[in-house]
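Structural features, examined
The residues making up each chain are set out below.
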Amino acid sequence: MFQNGKLFLSPPNDGSDWKELFAKAAAVGAGRPLGDDGFPSGPWTPESLTEAISQLDSNRAGVDLRTVQLWFQDNDRGISANNIRWLARVFGCDDPGATSAWQVELSSAQGRLLTKRREAKRAESSPEQDTFERPGDVEIDDEADAKVTPDAEPTRKKRSWSLARGSESFYSNGSPLNLPAFVFAGASALGFLSYILGIHDDVYVRGDNVSKQVGFLWAPNWTFLFMVLLPLFFVLVIELLAYWKMEGRLKLSTADDDKWKSDAAWERNVQASSSSYWAVFIICILFAGIFQWIGVCLIPLLKGGADYATSWGTLAIVRPDLISVPASIAFTALAYLYMCVCFFLFFAGLILLHTIIHDLRKIDAEAKLLGRDTYRGELHELRFRLLRGVFRCTIVGILVALCMKAQSAYLTSNARDIVAWLSDDMKLALAGREAVGNAFHYRMPTHYSSLLLAVSTIVVFLYGSMCLRGVGTWLHPAVWKMSAIVATVFASYLLVDAFVGSSFVLCVGLLASVYGLVHPGLGRQSRKQS
């Protein structure tokens, strides 16, 4: 039966309590508008029902999504008188007579639920406790708990936009493939554009007659970094965040509505780091993005040179036959915009890792304060799982910094390309000869930015290792083993181009990082022995 273009279901009047009555009506989709094909739209969902109630003309205060989600759950909560009014209008298809009938049935069902819950509690309690039973012992979704005022706006519309929540949503909302795919697609698009512009594979002759390969596709800090390392970092953070929110946190909860309390507590923790997100946003977008592009690319292109090594971004200065200055300005602006957005998301991931660690630390402290010894086993597992995830992210972060520094060091060397730079260094070390320098003195801002990135990543790991090793002696050997690997990879980063033969140290660091990333049993042997 349809009424006002909606599916109408008469109140069953079958003696159901509130939970049973609501489940039946929601499953049928009572009050839902018809679809484009003229058939019912299907059952209600918490989101669609929240939207329908909040769109009622006289309902200026709306209804909170979490309140509606509690209606769908099997719990002891009822419904407030105010929300009965709005739900009756939805189920009654906004017809006065049908709305009145549904309001009577919903109110009666609410009374039956209260009676049933009271009787269940009375049966479980002693006679002395029964004396003090009150009708209000059963919780309802009273939002007033959310007082309705004429000027009030729907609760879902009061929530202002937040950079912290927005950044976290990139990692937690939608498919886990979205963010890595976005980064990979951006790098691929820049690669195609470089090929179209003709700067993908180009060699120029420096003033000292040294040929240098400066093609875009030959720059690992723009290809391998954005197509492999950053997507891998995002995958690791997304996996760890999903585990913590959907499983890890819930293991430490006991309440019936633990999922919603857990989500609310996590959201508060994310919002508490709002200033950190804004600081990172300003540094990445304004300084690492706009100002660096102006200093490294725009001004040299306009003036015809600067104290920076020639790269694909300034190739128009020495090879105007390949690409014009306006085309270089446009392409480098697009590339640096993409770069600064990706690195903002990278640092946002580091902040989320810190938030996860801090969150577990708070829960651990509360468990100790309340004497919840039953949590100890879960905390052991969670500590190792989180430390393992943070360790992997740290390794990838240092590799990102190493990739940036290696390309910067190559551009100032005498080698033809980055592969020759590594092989020549090994040959000189094996032959016991010194490297031949050049008369050019370049400024290398990438050395500084890569150092900031590496140090920031290691700080998060150090914080995690100090906070997460507190319980269980088996965790200490794992921490030391992970710390040794991190130190090895970081040392290989610091020693890039520091002396003849540093490429051997670089290879050792790469092997250590691969071992740390792919070895599935790192730290588990120590755990079994304890």
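In what follows, the accompanying structure is described.

Definitions and limits used
- Residues numbered from 1 in each chain as written.
- Predicted model: local features only at pLDDT ≥ 70, side-chain atom pairs only at ≥ 80, totals over all residues.
- Heavy atoms only, no water.
- Helix = DSSP H or I, 4+ residues; strand = E, 2+ residues; numbered from the N terminus.
- Buried < 20%, exposed > 50% of the residue type's maximum accessible area, 1.4 Å probe, protein only.
- Contact = heavy atoms within 4.5 Å.
- Areas by Shrake-Rupley, 256 points an atom, 1.4 Å probe, with all protein chains shown as cover.
- Core = buried A, V, L, I, M, F, W, Y, C linked by side-chain atoms within 4.5 Å.
- Axes fitted to C-alpha atoms, helices over the stretch in contact; angles between N-to-C directions.
- Parallel < 35°, antiparallel > 145°, perpendicular 65-115°, else oblique.
- Left-handed = near helix turned anticlockwise from the far one by under 90°.
- Nonpolar A, V, L, I, M, F, W, Y, C, P; charged D, E, K, R; others polar.
- Phe/Tyr/Trp six-rings, centres within 6.5 Å; stacked < 30°, edge-to-face > 60°.
- Lys NZ or Arg CZ within 6 Å of the ring centre and 35° of its normal.
- Polar contact = N/O pair within 3.5 Å; in protein donor to acceptor, adjacent residues only side chain to side chain.
- Expected span 1.5 Å × (residues − 1).
- Arc of directions from axis to C-beta.
- Bend = angle between axes of the 7 residues up to and from the residue.
- Salt bridge = Lys/Arg side-chain N within 4 Å of Asp/Glu carboxyl O.

Right, let's talk about the overall build of the protein chain for a bit. A tally of regular secondary structure across the protein chain gives 20 helices and 4 strands. Taking all 530 residues of the protein chain together, 48% fall into the buried category. In the protein chain, the proportion of contacts linking residues at least 24 apart, taken out of those at least 6 apart, comes to 74%. Looking at the protein chain as shown, the accessible area adds up to about 25,500 Å², and 60% of this sits on carbon and sulfur atoms.

On to the nonpolar core, then. Counting residues in each nonpolar core, the largest one holds 109 residues, and the members touching the most others are Tyr171, Trp222, Phe226, Leu230, Phe233, Trp244 and Phe343. Sequence-distant contacts of Trp244, defined by excluding residues within four places in its chain, comprise Arg249, Leu252, Trp266, Ile356, Asp359, Leu360, Ile363, Leu382 and Leu386. Judged by nonpolar contacts, the second largest core, of 27 residues, contains Leu49, Trp71, Ala88 and Phe91.

Helices that pack against each other are described as a pair by the angle of their axes relative to one another and the distance between those axes. Viewed as axis vectors pointing N to C, helix α2 (residues 46–54) and helix α3 (residues 65–72) meet at an angle of 125°, and their least axial separation amounts to 9 Å. With respect to each other, α2 and α3 are oriented oblique. Note on packing geometry: the crossing formed by α2 with α3 is right-handed. Residue-level inspection shows Pro46, Glu47, Leu49, Thr50 and Ile53 of α2 in contact with α3, the latter providing Leu65, Val68, Gln69, Trp71 and Phe72. In terms of residue class, the contact of α2 with α3 is built from 7 nonpolar, 2 polar and 1 charged.

Bringing the packing of aromatic side chains into the picture now. Tallied over the full model, the rule gives 23 aromatic pairs. Look at Phe216 and Phe331: their rings are 5.8 Å apart centre to centre, the planes differ by 75°, and that puts the pair in the edge-to-face class. Separated by 115 residues along the polypeptide, Phe216 in the loop between β4 (211–213) and α10 (224–251) and Phe331 in helix α14 (residues 325–370) bring together distant segments of the chain. One exposure class covers both Phe216 and Phe331, and it is buried. Between Phe233 and Phe346, the ring centres sit 4.3 Å apart and the planes meet at 35°, which makes this aromatic pair tilted. Of the two residues, Phe233 sits in helix α10 while Phe346 sits in helix α14, which places them 113 residues apart along the sequence. Exposure remark for Phe233: the relative accessible area of 0% places this residue in the buried category. Residue Phe346 is classed as buried on the basis of its relative accessible area of 0%. Positioned above the aromatic ring of Tyr243, the side-chain terminus of Arg385 is 3.9 Å from the ring centre.

So, about the side chain of Asp359. If you trace the backbone, Asp359 turns up in helix α14. On the basis of relative accessibility, which here comes to 2%, the residue Asp359 falls in the buried class. Within the structure, Asp359 has its side chain in polar contact with the side chain of Trp244 (distance 3.0 Å). Contact partners of Asp359, with chain neighbours within four places excluded, come to Trp244, Arg249, Trp266 and Asn269.

Another point: helix α16 (residues 418–431). An α-helical turn contains 3.6 residues, so a residue and the one three or four places further along point in the same direction. Taking 1.5 Å per residue, 14 residues should reach 20 Å; α16 reaches 20 Å between its end C-alpha atoms and fits that length. Within α16, the full set of buried residues consists of Ile418, Ala420, Trp421, Asp425 and Leu428. With its buried residues spanning 145° around the axis, α16 presents them on a single face. Along α16, the residues that are exposed and aim more than 90 degrees away from the buried face are Val419, Lys427 and Leu430. Two or three places before Val419, at the start of α16, stands the capping residue Asp417, its side-chain oxygen 3.1 Å from that residue's backbone nitrogen.

Time to look at helix α12 (residues 274–303). Along α12, the largest kink reaches about 40° and is centred on Ile294. Looking one or two places after α12, you find Gly304, whose phi comes out positive at around 90°.

What follows covers the pattern of salt bridges. Oppositely charged side chains are able to pair whenever their charged atoms sit close together. For the structure shown, the criterion picks out 7 salt bridges. Here Arg89 makes a salt bridge to Asp94, at a shortest N to O gap of 2.9 Å. Residue class for Arg89 comes out buried when judged on its relative accessible area of 18%. Accessibility expressed as a relative area gives 36% for Asp94, which makes it partly exposed. Asp359 is paired through a salt bridge with Arg249; the nearest N and O atoms lie 2.6 Å apart. Placement of Asp359 in helix α14 and of Arg249 in helix α10 is noted, with a sequence separation of 110 residues between them. In this structure, Asp359 and Arg249 share a single accessibility class: buried.

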